[in-house]
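What the coordinates show
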Amino acid sequence: MKKRIALLLLFIALALPQAALAQEGAPCDSGTTAWMLTSTALVLLMVPGLAMFYGGLVRKKNVLGTMMHSFVSIAVIGVLWVVCGYSLAFGKNILGGFVGWNSDYFFLKGIDETITNGVPEYVLAMFQGKFAIITPALISGAVAERVYFRGYILFIVLWFLGIYCPLAHWVWASDGWLFNSGAAGVIDLAGGLVIHVSAGVSALAAALFLGRRHGYPERPMQPNNMVMTMMGAGLLWVGWFGFNAGSTVSSGLDTARALTMTQVSASAGACTWMLIEAVKFNKATSLGFVSGILAGLVVITPAAGVVEPWGAIVLGALSSVACFIALQAKDKYGYDDSLDCFGIHGVGSGLGVLLLAFFIRDSWMADAAAASPGWSAISQFGVQALGMGATVALAAAGTVVICLLVEKTVGFRLDEEMELTGLDHSLHAEHGYNLA
């Protein structure tokens, strides 16, 4: 018996160092990988959430056509991202740093066995790919109810290649010029510039190019299903935890910070919008409530990794005020940003990109000052403003050019008869609601 126990102890003693060595040398961090896989799924969940949010806000005759604008991006951009998008965004500088390229990322052919920072690169590529998918889908809210489906598809292809990929490279690639600006680069954790400001500015440019829907603003254009819009907003809120916290590409303190600030800012935004409506209209609307949620989410997207909870509350509240004013301005000036992509995403996230400089936690500023003596909030504000200017310029000018190309080739603006009939019947031969 003693001999068997001794042999067992010897086996354990020999096995333990081997197990420890195997664990030490394991290139894949299973905890971080599991969180990044979850985050990837959460960000993808935001696309049907966006489809529901937008689909409920349009008229009944356009609900399917509008939802298709979000879903088709999953397919079209999903393929383009694998073919060349990942390489254009995260490859090494080409064309003077305007965009990137890495032949190993072409069709993702060179990353089959690659582990980066403890995570299979396939996971990182798919996570970033979901950002690329949802961004052009956001723009569809500004051109809702009045574009050809074929024209929209060509638009998002050209926009993705000519605007999204260069911006992603500038801000997030290791050799991107905005990534390396100032003491620690432009701060844009999850796409305040790359996603929301770019989509918002492009949405405004496209809306102005196309002109108003027939009958707007004289004829009432009421949402067809606010229940669906509220459910879509709920899915967006849930998905945003993967959006922001996943962008830390870790599973630790930074992840917890980003997730917390996301929740805090969204809540502050919703509360503030309710207060605004209570004061101005003596009631709180469901549309106002979900608008406040989004205002809080978009403003914290660039800032979630660097601010503290009190800063997230202030930013969420300020974003709701700014976005409410922007929506009032739309009514005043009469431009037809149908579902308020510019008024929420462009204005709210732009505010976050700029104002985050004044709410950065002390530890981050201390590290920045160590790298660049004398670095201050004003210094970082200058870098943020530089990123904002570059994003607005590329998105605005590029979108106008793309709109012209689409209109002159396959056609972009729907003809009047088809628009009045509705997208669902005219373009898809379907109806969203077959109700008696």
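The protein chain goes by Ammonium transporter in an unreviewed UniProt entry, where it is assigned to Desulfatibacillum alkenivorans DSM 16219. Word for word, the UniProt comment on the protein chain under Sequence similarities (unreviewed entry) is "Belongs to the ammonia transporter channel (TC 1.A.11.2) family."

Topic: the environment of Y86
One can find Y86 in helix α3 (residues 63-90). Each C-alpha atom, one on Y86 and one on G346, is 24 Å from the other, the two residues being 260 residues apart in sequence.

Observations concerning unusual backbone geometry
Cis peptide bonds are those with omega within 30 degrees of zero, and the linkage from Y216 to P217 qualifies with 0°. With respect to the helices and strands, the residue P217 is situated in the loop between α6 (192-210) and α7 (226-245). Phi is positive for V249, which is not a glycine, with a value near 50°. Phi at A429 takes a positive value of approximately 55°, unusual for a residue other than glycine.

Overview of the nonpolar core
Of all hydrophobic cores here, the largest spans 119 residues; its most connected members are F131, F155, Y164, F243, I300 and V307. Among the elements that make up this core, the one with the highest residue count is helix α5 (residues 149-172) (15 residues). Here V307 is in contact with M261, I300, A312, L315, F359 and R361, once residues within four sequence places are set aside.

Examining the confidence of the model for the protein chain
Summing up the model confidence of the protein chain, the mean pLDDT is 94 and the portion of residues at 70 or higher is 94%. A low-confidence stretch, residues 8-25 stays under pLDDT 50, and its non-local contacts, those more than four residues away or across chains, total zero contacts.

A look at helix α2 (residues 30-57)
Here α2 is 28 residues long and its end C-alpha atoms lie 41 Å apart, about the 40 Å a rise of 1.5 Å per residue gives. Put simply, D29 is the residue that caps the front of α2, since its side-chain oxygen is 3.0 Å from the backbone nitrogen of G31.

With respect to helix α13 (residues 377-409)
Between the first and last C-alpha of α13 there are 47 Å, a value that for 33 residues agrees with the 48 Å anticipated at 1.5 Å per step. Remark: G411 follows α13 within two positions and exhibits a positive phi of approximately 90°.

Regarding a nonpolar patch on the surface
A cluster of nonpolar side chains, I94, L95, F98, W101, F106 and F107, forms an exposed patch at the surface whose accessible area comes to about 560 Å². Examined against the element boundaries, F98 turns out to sit in the loop between β1 (92-94) and β2 (99-101). Using a relative accessible area of 34% as the deciding quantity, one classes F98 as partly exposed.

Observations concerning the packing of α7 against helix α8 (residues 253-281)
Axis separation between α7 and α8 bottoms out at 8 Å; the angle between their running directions is 140°. In terms of crossing hand, the pair formed by α7 and α8 is right-handed. Note on element contacts: α8 touches α7 through T255, A258, L259, T262, Q263, A266 and S267, opposite W237, W240, F241, N244 and A245. Here the residues of the contact of α7 with α8 sort into seven nonpolar, five polar and no charged.

Considerations on the pattern of salt bridges
The final tally for this structure, using the stated rule, is seven salt bridges. A salt bridge links D254 to R257, with the shortest nitrogen-to-oxygen separation between them at 3.3 Å. Remark: R257 and D254 occur in helix α8; sequence separation between them is three residues, near one turn of the helix. The exposure class of R257 is partly exposed, given its relative accessible area of 25%. In this structure, the salt-bridge partner of D340 is K330, at a minimum N-O distance of 2.8 Å. Pair noted here: D340 is in the loop between α10 (309-333) and α11 (341-355) and K330 is in helix α10, with a separation of 10 residues, a long-range link.

Reading the values: rules and limits
- All residue numbers refer to positions counted from 1 along the written sequence of the respective chain.
- Predicted model: local features are reported for residues with pLDDT of at least 70 only, side-chain atom pairs are reported and counted for 80 or more only, and whole-chain, interface and lining totals are derived from all residues.
- Neither water nor hydrogens contribute to the side-chain values; these are computed over all heavy atoms in the structure.
- UniProt positions are given in the numbering used here, feature names are shortened, and annotations may be inferred rather than shown by experiment.
- Here a helix means four or more residues in a row that DSSP labels H or I, a strand means two or more in a row labelled E, and each is numbered from the N terminus.
- We define the nonpolar core as a collection of buried residues of types Ala, Val, Leu, Ile, Met, Phe, Trp, Tyr and Cys that are connected through side-chain atoms lying within 4.5 Å of one another.
- Type-normalised accessible area, obtained with a 1.4 Å probe on protein chains alone, sets the label of each residue: buried when under 20%, exposed when over 50%, and partly exposed for intermediate values.
- Contacts were defined at the residue level, with two residues in contact if any of their heavy atoms lie within 4.5 Å.
- For every residue, the predictor reports its confidence as pLDDT, a number between 0 and 100.
- Helix span, expected: 1.5 Å multiplied by one less than the number of residues in the helix.
- N or O atoms closer than or at 3.5 Å make up a polar contact, with two conditions inside protein: a donor-capable atom paired with an acceptor-capable one, and, for residues adjacent in sequence, both atoms drawn from side chains.
- Surface patches are defined over residues having more than 30% relative accessible area and no salt bridge, joining like charges when they lie within 9 Å and nonpolar side chains (Val, Leu, Ile, Met, Phe, Trp, Tyr) when within 5 Å.
- Note on areas: Shrake-Rupley with a 1.4 Å probe; residue coverage comes only from the protein chains shown.
- By definition here, a salt bridge exists when the distance from a side-chain nitrogen of Lys or Arg to a carboxyl oxygen of Asp or Glu is within 4 Å.
- Fitted lines through C-alpha atoms give the axes, limited to the stretch in contact for helices. The angle between two N-to-C directions lies from 0 to 180 degrees.
- Crossing chirality is assigned from the near helix's rotation relative to the far helix, an anticlockwise turn below a right angle marking it left-handed and a clockwise turn marking it right-handed.
- Any residue that is not Ala, Val, Leu, Ile, Met, Phe, Trp, Tyr, Cys, Pro, Asp, Glu, Lys or Arg is counted as polar, Gly included; the first ten are nonpolar and the last four charged.

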